[in-house]
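The primary structure of each chain is shown beneath.
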Amino acid sequence: MPPEMPARRRDRHGRGMRGPGVLPRVPGRPETPTGAQRFDDLVLSVVRDLEARWGDRLGLVEYAVEDAPQIPDDWTPGQVPLSSLIRGTGPRPTRIVLFRRPIEHRAEGRSELEAMVLTVLVEQVAELLGIDAEDVDPRYEG
């Protein structure tokens with residue numbers, strides 16, 4: 001009688017499972033959120049808190065997330081921006097843009113990522129309002 005064989009984790013070609021482990025309920029859309037979607041949701045939750053507190057003083061502000069900043073050729077190495085504040089003029093709204101990849105790169109885990117997003121947004125709102133970041137949100141730890 002042959003010895004007991006261990007459970008196979010790969011197919012006969014040496015590959016693992018191919019394709020999704022869970023079939024989506026809506027075809028063409030993944031069942032679980034992607035990393036970018038989770039980051040967007042995190043930013044949105046912090047923005048909601050800040051807008052609830054400071055919306056009347058902020059005026060018209062657009063919040064955006066981009067993967068990475070476009071860095072010019074003459075940029076000095078060593079520092080990559082985490083966000084950008086573009087002040088609006090006339091009918092154009094002010095824009096606060098967070099750069100997802102540099103922020104994620106600096107965070108070790110989910111709690112650090114949440115703290116980093118909060119810090120970046122609070123500092124941009126403080127700059128926009130002309131007040132100290134500590135006054136913008138009590139959770140801010142400079």
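Preceding this paragraph is the structure being described.
Quantities reported herein were computed from a predicted structural model and do not represent experimental measurements.

Novice: Please explain the pattern of salt bridges as it appears in this structure.
Specialist: Pairing between side chains of opposite charge can happen when the charged atoms of each approach one another. Applying the stated rule across the entire model yields seven salt bridges. With its nearest N and O atoms 3.2 Å apart, the salt bridge here joins R139 to D49. Taken as a pair, R139 in the segment after α4 (133-136) and D49 in helix α1 (residues 35-58) lie far apart in primary sequence, 90 residues in all. The class for R139 is partly exposed, based on a relative accessible area of 42%. Given a relative accessible area of 40%, D49 falls into the partly exposed group. A salt bridge links D137 to R139, with the shortest nitrogen-to-oxygen separation between them at 3.0 Å.

Novice: How should I be thinking about α1 in this particular structure?
Specialist: Each α-helix winds once per 3.6 residues, and so residues spaced three or four apart point in a common direction. Between the first and last C-alpha of α1 there are merely 29 Å, a value that for 24 residues lags more than 12% behind the 34 Å anticipated at 1.5 Å per step. Residues of α1 that are buried: F39, L42, V43, V46, V47, L50, W54, G55 and L58. Packing partners of the buried residues in α1 comprise β1 (61-66), β3 (94-99), α2 (100-106), α3 (110-129) and α4. Backbone geometry just downstream of α1 places G59 in the positive-phi region, at approximately 80°.

Novice: What's the story with α3 in this structure? I'm lost.
Specialist: Taking 1.5 Å of rise per residue, the 20 residues of α3 would be expected to cover 28 Å, and the 28 Å separating its terminal C-alpha atoms lies within 8% of that figure. Where α3 ends, the next residue or the one after it, G130, has phi of about 75°, a positive value.

Novice: Before we go on, may I ask you to explain the packing of α1 against α3 in this structure?
Specialist: Between two packed helices, the angle of one axis relative to the other and the distance separating the axes together describe the packing. At a minimum axis distance of 10 Å, the contact between α1 and α3 shows a crossing angle of 30°. Relative to α3, the element α1 lies roughly parallel. Relative to α3, the crossing made by α1 is right-handed. Contact with α1, carried on its side by R38, F39, L42, V43, V46, V47, L50, W54, R57 and L58, involves R110, L113, E114, V117, L118, L121, V122, V125, L128 and L129 of α3 and no other residues of that element. Among the residues forming the contact of α1 with α3, the class breakdown is 16 nonpolar, no polar and four charged.

Criteria and cut-off values
- Residues numbered from 1 in each chain as written.
- Predicted model: local features only at pLDDT ≥ 70, side-chain atom pairs only at ≥ 80, totals over all residues.
- Heavy atoms only, no water.
- Salt bridge = Lys/Arg side-chain N within 4 Å of Asp/Glu carboxyl O.
- Helix = DSSP H or I, 4+ residues; strand = E, 2+ residues; numbered from the N terminus.
- Buried < 20%, exposed > 50% of the residue type's maximum accessible area, 1.4 Å probe, protein only.
- Expected span 1.5 Å × (residues − 1).
- Contact = heavy atoms within 4.5 Å.
- Axes fitted to C-alpha atoms, helices over the stretch in contact; angles between N-to-C directions.
- Parallel < 35°, antiparallel > 145°, perpendicular 65-115°, else oblique.
- Left-handed = near helix turned anticlockwise from the far one by under 90°.
- Nonpolar A, V, L, I, M, F, W, Y, C, P; charged D, E, K, R; others polar.

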